[in-house]
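Coordinate analysis (summary)
The chain contents come next:
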Amino acid sequence: MNALVAYFSQTGNTRKVAEAIGRGLSAAGCESVRVRPIEKVGPEDWLAFDLVALGTPVFYYREPENVGAWIRRLAPRRPVPAFTFITHGGNPANTLRRLQRLLRPKGGRILESFECPGYDTYPIYLKSFRQWGRPSADDLAGADGFGRAAARLAERSLAGEAVPEASYPFVGGRTFRLSVLCRRPLLDYLFPRIEVARDLCIRCGACARRCPTGNIALAPPGGTFRWPVFADRCLRCYLCERVCPRNAIRCDWRMLARVMNP
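Residues numbered from 1 in each chain as written. Predicted model: local features only at pLDDT ≥ 70, side-chain atom pairs only at ≥ 80, totals over all residues. Heavy atoms only, no water.

Strand order in the open sheet made by the 5 strands is S2-S1-S3-S4-S5, with parallel pairing throughout. Of all the strands in the sheet, the pair left with one neighbour each is strand S2 (32–37) and strand S5 (108–117). Averaged over all adjacent pairs, the angle separating strand axes in this sheet is 15°, with direction ignored. Here strand S1 (residues 2–7) pairs with strand S3 (residues 51–57) via 5 bridges, running parallel. When the bridges of S3 are listed, Tyr7 appears paired with Gly55. Along the sheet face, helix H4 (residues 137–158) touches S3, strand S4 (80–88) and S5 and points at about 170° away from the line of S5. (Pairing = 2+ DSSP bridges. Helix = DSSP H or I, 4+ residues; strand = E, 2+ residues; numbered from the N terminus. Axes fitted to C-alpha atoms, helices over the stretch in contact; angles between N-to-C directions. Contact = heavy atoms within 4.5 Å.)

What follows concerns the pattern of salt bridges. Scanning all chains against the criterion turns up 10 salt bridges. Between Arg156 and Glu161 there is a salt bridge whose closest N-O contact spans 2.8 Å. For Asp188, the salt bridge goes to Arg236, with nearest N and O atoms at 3.0 Å. With Asp188 in helix H6 (residues 186–190) and Arg236 in the loop between strand S8 (229–230) and helix H8 (239–243), this pair connects stretches of sequence that are 48 residues apart. A residue is classified by how much of its surface remains accessible, and Asp188, at 27% relative accessible area, is partly exposed. For Arg236, a relative accessible area of 10% gives the class buried. Sharing partners across several salt bridges, the network here consists of Arg104, Arg109 and Glu165. (Salt bridge = Lys/Arg side-chain N within 4 Å of Asp/Glu carboxyl O. Buried < 20%, exposed > 50% of the residue type's maximum accessible area, 1.4 Å probe, protein only.)

Encoded structure:
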């Protein structure tokens, strides 16, 4: 089997899990295993693989906007054994269920999933939901084992055995309501604006290099070096604020911090 492990990773947690799953797939006998970030996987690239795994962190109780958009752009294909994996610092809500619903029309048959905590660096969580040190060595060993099991399930499915699709119970109540509400444009209204203190900015480019969606530019095409400019692909992950070495990217978290950390 030729296997693709596609992933989106903001801080590296999901990438580590993806690599561990890839090692498990290789150990189980997959002839070729490609572990790639989703931005390097084109809409038709997944057509060449016999097994597909997709991983993402959980943002605001669901998959990030760019992950959903990537799935919607995929070229439809014949049914293929597929697997999903997520990392989260708090409550994953219905993320696995949503990924299944997005992939099914494209031909992805989700046979099994893996999830584990990932260290949460979101600014308003001062002490809660941090999951220090995760994914741990045990988490990554579990991901390796998941990769081995996924290869065996896919092999059975490709051999014609009726392997059932995974089933995920619906998570309702307050968590579901939050997953519906925490979307743009409401996020843009409720959460802090990103501002640049020009007297502190040294134009090092750290924010642009680390932005997971390429939303930050330091210069327009053909232009000169300038302050960070933000486009319209922001996920409200605020990684730029956390990686700025001079604290030049600033957000006012006081109100939300009081709510989330009483």
